[in-house]
Structure formats: C-alpha cells, structure tokens
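In case you want the letters, here they are:
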Amino acid sequence: MATAHGPLVIGVDSSTQSTKALVVDTATGEVVASGQASHPTTATHEIDPEHWWTALTAALEQCGRAATEAEAISVAGQQHGLVTLDAGGAPVRPALQWNDVRSAPQVDSLIRDLGGPAAWARRVGSVPAPSFTAPKWRWLTENEPEAAARTAAVRLPHDYLTGRLTGEGTTDRGDASGTGWWAGDDAGYDTGILDHLGLDPALLPRVVGRGEGAGTVMAAAGLPLKTGALVAAGTGDNMGAALGLGLAPGTPVLSLGTSGTVYAVSRTRPADETGTVAGFADATDGWLPLACTLNCTLAVDRVAALLGREREDVEPAAGPVLLPFLDGERTPQLPYASGLLYGLRHDTTGGQVLQAAYDGAVYALLRALDLVLADESRPDAPILLIGGGARGTAWRETVRRLSGRPVQVPRAQELVALGAAAQAAGLLLGTDPAEVARGWRTAEGPSHDAVPRDDEALARLENALTGADELLRRPTPAAPGGPATADTTGYAPDGDDRGGNLPR
C-alpha cells in the first residue's frame, strides 16, 4: 500500500451488477486500494439483499490492510429499490430493484388517486415512475399482502447496507427523494401519501441531516473494518456521482450506462408536472433535477449485435430513425413501448442503422436537458460525459453533434464510489464533501469543442416519436399483460452497468 498523506476513507458503490469499494487518501483523492465483486442478475429484477452484503464483504477483503485502517466509510447504492425486512432484520422477500417496472399499473392509480401529476410534483418534487419505491410498495400490498403484513422495516438498497454496518435504520435526503413519499427537508415524509399506501411511518428509516453521521461500524458487522469507524449517511448512486464530481450548480452531466441520465445540481427544488424531470435532492443541501432513460448502452449494444457489427462500426445516418426502447421507456414515459425502426430504404446500411440507435438513445436524454437545467446554465456550458459509454468515440461524437455543446470527459473513474468516499471524508474532517471532491480534481479530463448541432437529425427523431405515439403506448405482443421490463443480464461498456442509476 502506498504511503497516505491523510486519513483513509472508504467509498462503496453497490450497483445493479456489482459492488465496488475504494480506499481513498483524504488529502489527495488517490485510490490506495480497491475491490469489486459481482451480484447475480435475474430476468425478474429481484435479488436477495444478502448478495449485496456478501459482495461488500468480498470487495473490502480485496482492499487488504488499507480497509482496516480507514477511519470512515460511506455506501452509495442503486436508487429506488424496495427492501422489506421482518422483525428480526431478515429480508421478507427478494428486493425489487429499480429496473423492475411491474408496478406501472400502480403508478397510474397512485397518480390518479392523489390529484394528478401536478399535485405529485408539488408534494414530492417528482411524478412517480415505475422505478420509484412507492408504487413498488403498492404492488406488494396488492399482489403479496402476506409479505407486506410481515414487513417491519422498509429500506432502500443503500439503507440496507448502512444498517448492517451500524445497526441503525437511516437514510439520506438524496435517496429518500426517490421514494415518492418524502416531501423535503422541512416537511419530511408525506404522511398523507403514506396513509394512502397503508405504510406506517414507523417502518421507515430516519433521514440523516447534513453533517450528521449514520453511526459507527459495529464489531458484529464482521467486516474487515475498524470497529468504531464513522459511517456516513450514504446516498443514491446518481447523487454519489454528482458528489464525486464536486458538481457546482448549472453544469450539465450526461451519464451513459445501461440506463442513461442527465442531471445538474440546482439551488431550488424542481417540480416538473410532466414527470420528465425527477426533483431529487442531492447528497448535500441542494437539489438534483434528473431525467433518466431505461435504454442506453445496453440497448445500442444489442442493436450492434443484431447487425453483427462492432459498437463503433457506425456510418452517418441520413435517413433511418431508431427509437431503441427495447425495455419500455421512462423518458419519455412509455413503459409498454418496444424498439421502433423507421425510414429504411434499399440503400440503408447496417452502419447507418447502428448510428440511428445511438442518435435515438442520446436524443431521449437531450430532450430533457433544457428542463433539467432550467435557467441555471449557459447554452455553451460543456456537458460532463460520464459512465461506460463516455469512453466510446461513437457515444461522445453523437452527444456533440446532437447537443451542439462542448463535451468534457472526466478522467476519474468510479465516480459513485468516489462520491461516497468524499461524503465519508466530509464527515471525518467536518467539511463540505463537494469541496473535498473538487480538491481531488475529479472532473478534470479531455475537452472537445462544440460542433454545429444536427437540427435535421433532431427533426427526424421528433417527427418519428410524435407520429408513433399511439403505437408506442400499446402493450407489445411479447408483453400482453403489462409493461416490458429492463434486462440487465447483458453487459455495458467496461462493466459500467448504469450512468450512476446508474442510476445505474
């Protein structure tokens, strides 16, 4: 292990497909040790939470002696999932992950029952989507009432791991804002929504305030960690990535993973009644307006595989339009959609169709960019491009061409885990974790100048999406009774399984 210049901290990223742990020198941001362990994946998008704990243990063991010397730890994890625990703290059933969209019918009824999209946006900052925790709980009560009745604690994925470390039930404002039942710092949990869901507030974790810790590492945790080490609140993966970049208000981020996200830190709480932008909180004291698509790198890779081409084997697409909604879609809100290819001609090539897939995936994110940024960004502000796709030339050039903005690709990798490490460092040192990350210079990287925006391609995409609206809203023959579900059993570039929702 290299000699550290400051205290060591650990940042954890528990994502859909794996858990990564970084031991970081607080003085320099240098990663002195790391570990990674995978999670099993299923077509049902359920997982026994014990797999997360086993992977965390393995990742920390790979870090060796450095992990045992760390003074603080923080866990960032996939957002939205539903973890139900019994009175003894054991899972009642497998956790429902963010990409499980079986609760689409419950979304419709919840939005209708509680006043419509605008009312939801005012109450909790977001219009619920099938990925959110609230409709997942409603699905559970309607379809598995015995499991709901046995539930003594409701947690998010990162809450589960933090609770195993500390023995306490806690969450943070960032991840809480993605449940659909947290109304903000002052209002806390929305008891009216909880009453409608039949969910006792006593089952929910305490929301840790800014500067507070979640507890300390228990000896009973049984991990290669220092007993009594500080445990920070943790957060959701997108909040972790924003924190890892030391993001300042008005700087747009476009994350390319299995899912795609676009977000920016804001000083004001968003409330987009169209549901395009989720009004999340960030991991400090600001807000993180965010739009997320279900179909990004994995969908484009699937198109490349169908065509028998490498993912970079693209040609300029002068005519075809491909809306790669292979898993249903969240932005735009089309949970029953499937992929749509339009505009084929005799002279259309496979490379043009592949480029059209890139265009369709990026277009879905850029449509939401203006809403995400509101008035807090200059039109020429560079887009920070992160996630596995950011290292691909075709992805980068598609973003440049369709946005008309300059693009910057941070050199730092594992931004979710670095954000968690910055949160742990902030708690340990008593300072702003975003300032910690800025001191680590995590956002620095190659810059690429703006190119003229391809308005012709944007018009083709808009026309195709508008014209196919009715067709895209119908359940497909492959899913006659409900929405499509996202498939994360494949891989994304360089193992990055989502843009931080990744999300990740």
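Only a predicted model underlies this, so the values are computations on that prediction, with no experimental measurement involved.

A. Just the overall build of the protein, in detail. Of the regular secondary structure elements, the protein holds 18 helices and 22 strands. The C-alpha radius of gyration of the protein comes to 21 Å, within 12% of the 23 Å expected for a compact globule of 504 residues. On the protein, roughly 18100 Å² of surface is accessible, and the fraction owed to carbon and sulfur atoms is 50%. Charge-centre separation for the protein: the mean point of 39 positive side chains lies 2 Å from the mean point of 60 negative side chains.

B. The packing of helix 12 (residues 350–366) against helix 17 (residues 455–467), seen in detail. Across the interface, helix 12 lies against helix 17 with an axial gap of 11 Å and an inter-helix angle of 80°. Between helix 12 and helix 17, the angle is such that the two are roughly perpendicular. Where helix 12 abuts helix 17, its residues Asp 359, Gly 360 and Tyr 363 lie against Ala 457, Leu 458, Leu 461, Glu 462 and Leu 465. Residue composition of the contact of helix 12 with helix 17, by class: five nonpolar, one polar and two charged.

C. Representation of the sheet that holds strand 20 (residues 383–386) within the structure. Across the sheet, seven strands lie side by side as 16-17-15-14-20-21-22; this open sheet has mixed pairing. Where the open sheet ends on each side, the last strands, each with one partner, are strand 16 (278–281) and strand 22 (447–448). One ladder, built from two bridges, connects strand 21 (residues 407–408) with strand 22; its direction is antiparallel. In the sheet register, Val 407 faces strand 22, and the bridge partner there is His 448.

D. View of unusual backbone geometry. Omega for the peptide link from Thr 331 to Pro 332 comes to 5°, which places this bond in the cis form. Following the sequence through the fold, Pro 332 ends up in the loop between strand 18 (321–323) and strand 19 (340–342). For His 80, which is not a glycine, the phi torsion comes out positive at approximately 75°. Here His 80 lies in the loop between strand 5 (72–77) and strand 6 (83–85). Of note, Glu 414 is a non-glycine position whose phi angle comes to about 55°, a positive value. Mapped onto the secondary structure, Glu 414 falls in the loop between strand 21 and helix 15 (415–429).

Rules used in this analysis
- Residues numbered from 1 in each chain as written.
- Predicted model: local features only at pLDDT ≥ 70, side-chain atom pairs only at ≥ 80, totals over all residues.
- Heavy atoms only, no water.
- Helix = DSSP H or I, 4+ residues; strand = E, 2+ residues; numbered from the N terminus.
- Rg over C-alpha atoms; globule rule 2.2 N^0.38 Å.
- Areas by Shrake-Rupley, 256 points an atom, 1.4 Å probe, with all protein chains shown as cover.
- Lys, Arg positive; Asp, Glu negative; His and termini not counted.
- Charge placed at Lys NZ, Arg CZ, Asp CG, Glu CD.
- Axes fitted to C-alpha atoms, helices over the stretch in contact; angles between N-to-C directions.
- Parallel < 35°, antiparallel > 145°, perpendicular 65-115°, else oblique.
- Contact = heavy atoms within 4.5 Å.
- Nonpolar A, V, L, I, M, F, W, Y, C, P; charged D, E, K, R; others polar.
- Pairing = 2+ DSSP bridges.

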